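Letter by letter, the chains look like this.
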Amino acid sequence: MANWVFHSLSRGIRTTRWPTDPETAAGVTPGRPRAGVGSAELAARCPTEALFPHDNGVGVDFGHCVHCQRCRHGDEALAWEQDFTWTSKPEQGREALPARFSRSIHVRYIDAGACGGCMGEIRLIDAPAYNMHRVGIFITATPRDADVLLVGGPVTEAMREPLRKAYEAMPEPKRVVAMGVCAINGGVFGTSFASAGGVAAEIPVDLVIPGCPPPPLAIIHALLAVTGRTEPAELVENP
Ligand code: SF4
Ligand code: SF4
């Protein structure tokens, strides 16, 4: 016990102060590409058509970027940025939750068919380095206590009904955040006999978090945006 106290005091506080201060710790994601100067050949390098030629260079549709990093290296490499303010609001997204939720929200996570990557990042927001409780975010085991439904993965056939039931069980006002490109539009899984594609095919979606998977700070950004404590960013960026 005494050793743990000494160890903790000697290490000091290691929890990130983001978004109050920039995140500078090594080992986090390299970020995501930014629109910039580039040719049609650069856009053609993207396997998911997230890059598109534009009059002034190459634009990025973050809703399709799977962070393969093909545009990060080689000729005409795009600049990457590590700002983590990735959350975007789709056209049909509702307004942020009322101000009384701004200091405390309860979140229910649903894996609607994710590959495991998104689930791994969700677990991390509760780790000491990110510590979601410092910004008033709490996980709840039941949708009946949830203010926000955070959904990862394409909606598989087996999860269509449970997802809809979970949404209906939530008290009003409620909001839905779709996490990762699979939850936005089906991602690499697309739509098929086994997959409905994105979450919006089944229930209303208020915010989306691009990324594959979105890193912990991007998830926290979304959960702050759902209460109006931070602003969503654009999903498509032109150069
Ligand atoms: S990192 Fe994203 S935008 Fe760049 S090539 Fe890969 S999928 Fe396309
Ligand atoms: S967005 Fe990426 S990490 Fe998340 S479920 Fe889809 S493939 Fe997996």
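Scroll up to find the structure this text is about.
Residues numbered from 1 in each chain as written. Chains lettered and ligands numbered in written order. Predicted model: local features only at pLDDT ≥ 70, side-chain atom pairs only at ≥ 80, totals over all residues. Heavy atoms only, no water.

Novice: What exactly am I supposed to notice about the site of ligand 2 here?
Specialist: Every residue near ligand 2 is listed here: A114, C115, G117, C118, G180, V181, C182, G211, C212 and P213. By residue class, the composition of the shell around ligand 2 is seven nonpolar, three polar and no charged. (Near = heavy atom within 4 Å. Nonpolar A, V, L, I, M, F, W, Y, C, P; charged D, E, K, R; others polar.)

Novice: Whenever I open this one, the site of ligand 1 confuses me. Can you help?
Specialist: Lining the immediate environment of ligand 1, one finds 14 residues, of which C46, C65, C68, Q69 and C71 sit closest. Residue classes in the shell around ligand 1 are distributed as 10 nonpolar, three polar and one charged.

Novice: Sorry, what's going on with helix α6 (residues 216-225) here?
Specialist: Every α-helical turn comprises 3.6 residues, leaving residues that sit three or four positions apart pointing alike. α6 sits mainly inside the fold: 10 of its 10 residues count as buried. Within α6, the full set of buried residues consists of P216, L217, A218, I219, I220, H221, A222, L223, L224 and A225. Those residues of α6 that are buried are in contact with β5 (105-111), α3 (117-124), β6 (137-139), β7 (148-152), β8 (175-179) and β9 (207-209). (Buried < 20%, exposed > 50% of the residue type's maximum accessible area, 1.4 Å probe, protein only. Helix = DSSP H or I, 4+ residues; strand = E, 2+ residues; numbered from the N terminus. Contact = heavy atoms within 4.5 Å.)

Novice: Hey, could you run me through the pairing of β8 in this one?
Specialist: Each regular strand shows side chains that alternate between the opposite faces of the sheet. Taking burial as the measure, the five residues of β8 include five buried ones, the bulk of the element. The side-chain alternation of β8 yields two buried faces, one formed by R175, V177 and M179 and the other by V176 and A178. Here β7 runs beside β8; their pairing, made up of five bridges, is parallel. Bridge pairing in β8 links V151 to A178. (Pairing = 2+ DSSP bridges.)

Novice: Got a minute to help me understand the nonpolar core in this structure?
Specialist: The nonpolar side chains of a soluble globular protein tend to be buried with one another. Membership of the largest hydrophobic core comes to 31 residues, with the highest contact counts inside it found for I105, L150 and I220. Of all the secondary structure elements, the ones that give two or more residues to this core are β5, α3, β7, β8, β9 and α6. In terms of residues, this core owes the most to one element, α6, which gives eight residues. Once you skip the residues sitting within four places of it in the chain, L150 turns out to touch V107, R108, Y109, I110, I122, V177, M179, I209 and I219. By size, the runner-up hydrophobic cluster in this structure holds 19 residues, among which are A166, V176, A178 and V199. (Core = buried A, V, L, I, M, F, W, Y, C linked by side-chain atoms within 4.5 Å.)

Novice: Please explain the sheet that holds strand β3 (residues 57-61) as it appears in this structure.
Specialist: By definition, the strands of a sheet pair up through backbone hydrogen bonds, in either a parallel or an antiparallel sense. One open sheet holds the three strands; their spatial order is β2-β3-β10, and the pairing between them is antiparallel. The sheet is open, and its two borders are formed by β2 (51-54) and β10 (236-237), each paired with just one other strand. Inspection of the sheet shows β3 paired to β10 by two bridges, in the antiparallel sense. Bridging from a neighbouring strand, V60 pairs with E237 of β10.

Novice: Got a minute to help me understand the environment of A200 in this structure?
Specialist: Summarising the element assignment, A200 is placed in the loop between α5 (181-185) and β9. The contact partners of A200, leaving out residues within four places of it in the chain, are Q92 and V205.

Novice: How should the pairing of β5 be read in this particular structure?
Specialist: Pairing geometry for β5 and β6, over three bridges, is parallel. The residue of β6 that forms the bridge with V107 is I139. Viewed along the sheet, the connection from β5 through α3 into β6 turns out right-handed. When β5 meets β7, the two strands line up parallel, connected through five bridges. (Right-handed = clockwise from strand over helix to strand, strands pointing away.)

Novice: Explanation requested: α3 in the structure shown.
Specialist: Buried within α3 we find C118, E121 and I122. Relative to the axis of α3, the buried residues are bounded by an arc of 105° and lie together on one face. Here the buried face of α3 lies against β5, β7, β8 and α6. (Arc of directions from axis to C-beta.)

Novice: Honestly, the sheet that holds β5 in this entry has me stumped. Any pointers?
Specialist: Here we have five strands laid out as an open sheet, ordered β6-β5-β7-β8-β9, and parallel in their pairing. In this open sheet, the two strands that pair with only one neighbour each are β6 and β9. For this sheet, the mean inter-axis angle between neighbouring strands, taken without regard to orientation, is 30°. Across three bridges, the pairing between β8 and β9 is parallel. Note that in β9 the partner of A178 across the bridge is V208. Lying over the sheet, α6 contacts β5, β6, β7, β8 and β9, oriented at roughly 170° with respect to β9. (Axes fitted to C-alpha atoms, helices over the stretch in contact; angles between N-to-C directions.)

Everything listed here is a matter of geometry and, on its own, says nothing about what the molecule does.
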